[in-house]
Amino acid sequence: MTHTTRRPGTTEVPESTEASEVTDTGATFACHDPATGEPLAHYPVQGPSEIAAAVDRARAAAGRWSALPASRRRARLLSFKRELAASLDRVADTVSAETGKPRQDAELELLLALGQLDWAACNAGRVLGRRRVRTGLVAANQAATVVHRPLGVVGVIGPWNYPVYTPMGSVGYALAAGNGVVFKPSEYTPGTGIALAECFDAAVPEFAGLLAVVTGGAATGEALVRHGVDKVALTGSPGTARKVMAVCAESLTPFLAECGGKDAVIVTADADLDAAADAVVWGALGNAGQTCAGVERVYAVREVHAALCEKIVERARVLRPGTGADAAYGPMTMPSQTTVVERHVREALAGGARAALGGVESLSAPFVAPVVLVDVPEDSPAMTEETFGPTVAVNAVADVDEAVRRANASRYALGAAVFTGSGRAGAAIAARLRAGAVSVNSVLGFAAVPALPFGGSGDSGFGRVHGADGLLAFTAPQSVTVRRFAAPVDLTSFRTPAAAKARVIALARRLHQRR
Ligand code: NAD
């Protein structure tokens, strides 16, 4: 690793030398404690030559890695997992220092990431291994198989809000599928990215460099996209996804985009309102609302709307942001996000919304106390744009049909939740939602099930991480046919008489007409 400064939590911070451009000449950038703004450490702004070296090294290692039988890759990835589990305290310290999230939240994030890594390691052989497929009548003399092969080197560009769990959805799955990975963590969480790669190198030293980390901001990310990687997996905002996709288009590099959300929760008349209120408060305020699939909108049927609001406010009013052990959540990690949250709250109130808890006065950067807004106009930014802060809008709807219509009327479609009297009714509502993942009678239930694919559509991006789809995302299928015997009528030879071909065509046509 090439970072030159301390780990968060130690001393000796060099003078801040903020750098905004990619150079190979030793420029560095600072990573700050979001609660105090104090620099935590400095990291190199890595540029084209460092990225080229990291990609080359990962590619060389990936050649050997992909040649291993799946069982041996699995054994090594489980070593990586064990190393990460053993380093949990150290990595959680770094996550907590860089993001400002409570230490226990960082631990929970790591546990979820370990579950993802475990699933990817243990299922790659089964999901990607060679399998036979039926040949059909015309090719009955062939044996046909398909195998999913690694792409080579995957460029992973990560966000800061879940700096282990989120990238692991790409890093762990790309490695399990037999690829090398060059990972550019967010410029807000470089130390976390480096810690992941250090764990890999410690656990699997013979493949050191297979998982490489490059540090820097947007320009480093763009340089990575331009450096001949075989796929790019970005988790970030839709604006960044558009820029990265445009660069990928130049070289036809495949692209996977996990972007933001504006997740809705639907609450029906027969729902357990205490459970719904608990879940809404946790889903909206946890991690200071900085969760891609966090709760941002609630649609409750009119009969229960007032009671639900009361329960939400009752639970939210006792929570406070901060840095101490009693803080429910931390500061806004990215200072500029406070401005977005403020604009959403201000415009909602100006548009006629009522603040059931808090308001503009809840903002005291970098902290934002809980805000519960009611009757928010549907065209207000608080309902249409990702807020990414500890606020929630709770609107009344006439019935489930209106709730579904409003939930779907977003340019985002990532996650959603339904609170209702029965699981079966909830599943029926889920089937009507555009969201890529839906939890019934819980929030973010899908995030803890590694076998479930995760991803969205519209401004939430495209492609899937996690589960079998998440492994397939980092592979290309190769189809193989092996001729078992000569066909009675060879359709791929100029020497076969036209009359014989005509008989086969007529027979096949009759069969297709029958079913
Ligand atoms: P961001 O888009 O600002 O940055 C994401 C990453 O992209 C960073 O590493 C950044 O340095 C890099 N980047 C920025 N511009 C780039 C460019 N032009 N070329 C290449 N790389 C570039 O997002 P963020 O603020 O780090 O993360 C928050 C966003 O991520 C939110 O919208 C959130 O909803 C989303 N998110 C989505 C998921 C998901 O799984 N769908 C998970 C977590 C976060």
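Residues numbered from 1 in each chain as written. Predicted model: local features only at pLDDT ≥ 70, side-chain atom pairs only at ≥ 80, totals over all residues. Heavy atoms only, no water.

### Structural notes on the nonpolar core
- Formed by 69 residues in total, the largest nonpolar core has its most connected members in F80, L175, F200, L211, L471 and F474.
- For this core, the element with the highest residue contribution is helix α4 (residues 103-128), accounting for eleven residues.
- The residues that make up this core include at least three from each of domain 1 (47-259) and domain 2 (263-448).
- With 56 residues, the next largest nonpolar core counts V295, L357, A382 and F419 among its residues. (Core = buried A, V, L, I, M, F, W, Y, C linked by side-chain atoms within 4.5 Å. Buried < 20%, exposed > 50% of the residue type's maximum accessible area, 1.4 Å probe, protein only. Helix = DSSP H or I, 4+ residues; strand = E, 2+ residues; numbered from the N terminus. Domains from an automatic or database assignment.)

### Quick notes on the side chain of T215
- Relative to the assigned elements, T215 resides in the loop between β7 (211-213) and α7 (218-225).
- A polar side-chain atom of T215 sits 2.6 Å from the main-chain carbonyl oxygen of P44.
- Each residue touching T215, except ones within four places of it in the same chain, is listed here: F29, Y43, P44, V45, Q46, P190, I194 and T220. (Polar contact = N/O pair within 3.5 Å; in protein donor to acceptor, adjacent residues only side chain to side chain. Contact = heavy atoms within 4.5 Å.)

### Digging into the site of the ligand
- In the neighbourhood of the ligand, 30 residues make up the surrounding shell, with G158, E187, S237, T240 and E386 lying closest.
- K184 is positioned with one of its side-chain polar atoms (N or O) 3.0 Å from an oxygen atom of the ligand.
- Considering the ligand on its own, with 850 Å² of exposed area, one finds that the protein chains cover 91% of that surface.
- Within the residue set of the shell around the ligand, elements represented by two or more residues are α7, β8 (231-235) and α8 (238-251).
- Tallied by class, residues from the shell around the ligand come to 13 nonpolar, eleven polar and six charged.
- Each of domain 1 (47-259) and domain 2 (263-448) accounts for three or more of the residues forming the shell around the ligand. (Near = heavy atom within 4 Å. Areas by Shrake-Rupley, 256 points an atom, 1.4 Å probe, with all protein chains shown as cover. Nonpolar A, V, L, I, M, F, W, Y, C, P; charged D, E, K, R; others polar.)

### Let's talk about the pairing of strand β5 (residues 153-157)
- Counting buried positions along β5 gives five out of five residues, so the element sits mostly inside the fold.
- Burial along β5 is two-sided: the residues V153, G155 and I157 and V154 and V156 are all buried.
- The pairing of β5 with strand β6 (residues 180-184) spans five bridges and is classified as parallel. Paired with G155 across the strands is V182, a residue of β6.
- The handedness of the β5 to β6 crossover, carried by helix α5 (residues 165-176), is right-handed.
- In this sheet, β8 lies alongside β5 in parallel orientation, the contact comprising four bridges. Residue pairing for β8: I157 is matched across the bridge by L234. (Pairing = 2+ DSSP bridges. Right-handed = clockwise from strand over helix to strand, strands pointing away.)

### Quick notes on the pattern of salt bridges
- Taken as a whole and assessed by the stated rule, the structure comprises 22 salt bridges.
- Linking R226 and E222 is a salt bridge whose minimum nitrogen-to-oxygen distance equals 3.1 Å.
- For R226, a relative accessible area of 43% puts it in the partly exposed group.
- Between R242 and D459 there is a salt bridge; the shortest N-O distance is 2.7 Å. Here the residue R242 occupies a position in helix α8, and D459 occupies one in the loop between β20 (457-458) and β21 (461-462), the gap between them amounting to 217 residues.
- Judged by relative accessible area, which is 13%, D459 ranks as buried.
- Among the ionic contacts, a cluster of salt bridges with common partners joins D89, D93, R103 and E107. (Salt bridge = Lys/Arg side-chain N within 4 Å of Asp/Glu carboxyl O.)

### Details of unusual backbone geometry
- In this structure, the amide linkage connecting A365 to the following residue, P366, adopts the cis form with an omega of 10 degrees.
- With respect to the helices and strands, the residue P366 is situated in the loop between β13 (363-364) and β14 (367-368).
- Positive phi is not limited to glycine here, since N287 has a value of about 55 degrees.
- In this fold, N287 is placed in the loop between α9 (273-285) and β11 (295-301).
- With a relative accessible area of 7%, N287 lands in the buried category.
- At L444, a position not held by glycine, the phi torsion is positive, near 55 degrees.
- A relative accessible area of 19% means that L444 is categorised as buried.

### Describing α8
- The end-to-end C-alpha separation of α8 is 20 Å, in line with the 20 Å expected for 14 residues at 1.5 Å each.
- Within α8 the residues assigned to the buried category are P238, A241, V244, V247 and C248.
- On its buried side, α8 packs onto α7, β8, β9 (255-258) and β17 (412-413). (Expected span 1.5 Å × (residues − 1).)

### Quick word on the sheet that holds β7
- With respect to topology, six strands assemble into an open sheet ordered β7-β6-β5-β8-β9-β21, the strand pairing being mixed. The sheet terminates laterally at β7 and β21, the two strands that pair on one side only.
- Its contacts with the sheet put helix α6 (residues 190-203) on β6 and β7, and the angle it makes with β7 is roughly 150 degrees. (Axes fitted to C-alpha atoms, helices over the stretch in contact; angles between N-to-C directions.)

### Looking at the packing of helix α2 (residues 70-86) against α4
- Relative orientation of the contacting elements α2 and α4 amounts to 170 degrees, with a least axis distance of 8 Å. Judged on the interaxial angle alone, α4 and α2 are roughly antiparallel. Only L110, L114, L117, D118, A121, C122 and G125 of α4 make contact with α2, whose side of the interface consists of A70, R74, L77, L78, F80, K81, L84 and A85.
- For the contact of α2 with α4, the class distribution of residues is eleven nonpolar, one polar and three charged. (Parallel < 35°, antiparallel > 145°, perpendicular 65-115°, else oblique.)

### Side note on the layout of surface pockets
- Its boundaries defined by the atoms lining it, the second largest pocket holds a volume of some 710 Å³.
- Around the second largest pocket sit 31 residues that line it, and L112, Y162, W282, T291 and L444 are the ones nearest its centre.
- Elements with a minimum of two residues in the lining of the second largest pocket: α4, α5 and α9.
- Grouping the amino acids of the lining of the second largest pocket by side-chain chemistry returns 21 nonpolar, seven polar and three charged.
- Of the domains in this structure, domain 1 (47-259) and domain 2 (263-448) are the two that each give at least three residues to the lining of the second largest pocket. (1 Å grid on protein atoms, 1.4 Å probe; cavity = no way out; pocket = protein on both sides within 12 Å on 5 of 7 lines; lining within 4 Å. Points joined across faces, edges and corners; volume = space filled by probe spheres on them.)

By themselves, these figures tell us nothing about what the structure is for.
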